[in-house]
Amino acid sequence: QVQLVESGGGLVQAGGSLRLSCAASGRTFSSYVMGWFRQAQGKEREFVAAITRSGNTYYADPVKGRFTISRDSAKNTVYLQMNSLKAEDTAVYYCAADSSPTSRSIYSDRRYDSWGHGTQVTVSS
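Let me sum up the structure you'll find in this document. Predicted model, so just to flag it, every value in this text is computed and none were measured. (Residues numbered from 1 in each chain as written. Predicted model: local features only at pLDDT ≥ 70, side-chain atom pairs only at ≥ 80, totals over all residues. Heavy atoms only, no water.)

A closer look at the overall build of the protein
Then comes step 1: A count of helices and strands for the protein gives 0 helices and 11 strands.
Then comes step 2: Element order for the protein, N to C, with α for helix and β for strand: β-β-β-β-β-β-β-β-β-β-β.
Then comes step 3: Against the 2.2 N^0.38 benchmark of 14 Å for 125 residues, the protein shows a C-alpha radius of gyration of 13 Å, consistent with a compact globule.
Then comes step 4: The principal-axis extents of the C-alpha atoms in the protein amount to approximately 40 × 25 × 25 Å.
Then comes step 5: Burial status across the protein gives 44% buried among its 125 residues.
Then comes step 6: Pairs at least 24 apart in sequence give 57% of the contacts found in the protein among residues at least 6 apart.
Then comes step 7: Accessible surface, the protein as shown: approximately 6600 Å² in total, 44% of it carbon and sulfur.
Then comes step 8: Averaging the locations of the 14 positively and 10 negatively charged side chains of the protein gives two centres separated by 4 Å. (Helix = DSSP H or I, 4+ residues; strand = E, 2+ residues; numbered from the N terminus. Rg over C-alpha atoms; globule rule 2.2 N^0.38 Å. Buried < 20%, exposed > 50% of the residue type's maximum accessible area, 1.4 Å probe, protein only. Contact = heavy atoms within 4.5 Å. Areas by Shrake-Rupley, 256 points an atom, 1.4 Å probe, with all protein chains shown as cover. Lys, Arg positive; Asp, Glu negative; His and termini not counted. Charge placed at Lys NZ, Arg CZ, Asp CG, Glu CD.)

These figures come from the coordinates and say nothing about function on their own.
Spelled out as structure tokens, the structure:
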């Protein structure tokens, strides 16, 4: 498994921006599919964004056009740039890694075999 450590969460006003970072262990980081999920209080965990080995990106409809996922293989880090934040973006954000071959959907949390502990994002309206 891969060890993942998220950072960059915090409190921000609606319309503001935050950038989350996720530092990963492992010498083969560049081969991992990386994802971001979030879980709001009282709700199930949901997909936010993912990036493949080749840099293809996927987004949940509620964040399209506002969030951008990227990766820096030299730093073993994946980022989530969040702009135009809304109150409904408030959640704990989790970084996830898919480090082994799988046919599961990139949108499914069951695809990912390693998870970070999460970072809180709170958007005040």
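Structure shown, so let's carry the discussion forward.
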